[in-house]
Amino acid sequence: MHEIKHINEALTYIESLTAVKPTIGIILGSGLGPFADTIEDAIHIPYNDIPHFAKSGAVGHANELVIGTIGGKQIVAMKGRFHYYEGFPLDEVTFPVRVMKALGVEKLIITNACGAVNVDFNPGDLMLITDHINLTANNPLMGPNNPDLGVRFLDVSEVYSKRLRGIVKDVATAQNVTLREGVYAWWTGPTYETPAEIRMIRGFGADAVGMSTVPEALIARHAGIETVGISCLTNMACGILDQPLSHDEVIETAERVKATFLKLVAEIVERF
Ligand code: HPA
């Protein structure tokens, strides 16, 4: 359970460094880190300096909050996130979302890199998350519930806001970007899935599979933050093509799509 005292200590520290009051939050997945460089008048706060943030270290991530403005909108970006597969408890994975809420965030954009389970999709496609499947048998809200943070038994019929999804689709259409829509399945990692697991996941009704996003989205929903999730499908999931998966392929595809993804997200921020 997140402690209000801890959230407030993190908040006080951040507010001592900036007068910006962000209403939009964004979690930058693999390859999208450069989005943080487009934030104007930005201050960079290493996670390691923020009270009660976990101490992180995923390779290739900067691990800092970046707070500033984009087109007049006040925004907080997470450059780098905490993953469950790194061994962080879900309270630590999701603590930054509570701090975003305390900062004043009302709308959250969660991005990630993931594998395409739907065989009609292609590596390099972007996918708007319509819903998710939690395959991990863990939940960030397990344990005691503080009613000041949200309800005990959370309705999750619309974790990803239909209203905001409409705006994202409009922006994609205006930019002539192909935006798939589908269900994201959360896999603990750090291993990728086996071919048999991918067949199971497809049978369950998922279109994509990845190792993040769901815990943050659940806490955002609990906190009353309107959320959208956008995935970069970096590879066909295991067993679809007759080739092994590699992290290099994930990084390469994320790089290839980066410019399109960055432009899409920039306009989404302006429209939110
Ligand atoms: N599976 C799980 N996570 C991923 C994948 C995948 O195929 N690609 C990128 N992240």
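Since the model is a prediction, treat every value here as computed from it, not as a measurement.

Here we take up the pattern of salt bridges. The final tally for this structure, using the stated rule, is 10 salt bridges. The partner of E9 in a salt bridge is K5, with the nearest N and O atoms 3.2 Å apart. Placement of both E9 and K5 in helix α1 (residues 4–15) is noted, with a separation of four residues, approximately one turn of the helix. We note a salt bridge from R221 to D155, for which the minimum N-O separation is 3.9 Å. A residue pair is termed long-range when its members are at least 10 positions apart, and R221 in helix α5 (residues 214–223) and D155 in the loop between β6 (126–134) and α3 (162–174) qualify at 66 residues. On the accessibility criterion, R221 (27% relative accessible area) is partly exposed.

Per the UniProt annotation, the sites labelled "binding site: a purine D-ribonucleoside" (unreviewed entry) are E193 and N235. Judged by maximum C-alpha separation, these annotated positions cover 43 residues in sequence but sit close together in space, the widest gap being only 12.4 Å. Set against the second largest cavity, the annotated residues named above that line it are N235. If you trace the backbone, E193 turns up in the loop between β7 (179–186) and α4 (195–204). For E193, the contacting residues outside a window of four places in its chain are W187, I198, I201, V209 and C238.

Calculation notes
Residues numbered from 1 in each chain as written. Predicted model: local features only at pLDDT ≥ 70, side-chain atom pairs only at ≥ 80, totals over all residues. Heavy atoms only, no water. Salt bridge = Lys/Arg side-chain N within 4 Å of Asp/Glu carboxyl O. Helix = DSSP H or I, 4+ residues; strand = E, 2+ residues; numbered from the N terminus. Buried < 20%, exposed > 50% of the residue type's maximum accessible area, 1.4 Å probe, protein only. UniProt positions renumbered as here; feature names shortened; annotations may be inferred. 1 Å grid on protein atoms, 1.4 Å probe; cavity = no way out; pocket = protein on both sides within 12 Å on 5 of 7 lines; lining within 4 Å. Contact = heavy atoms within 4.5 Å.

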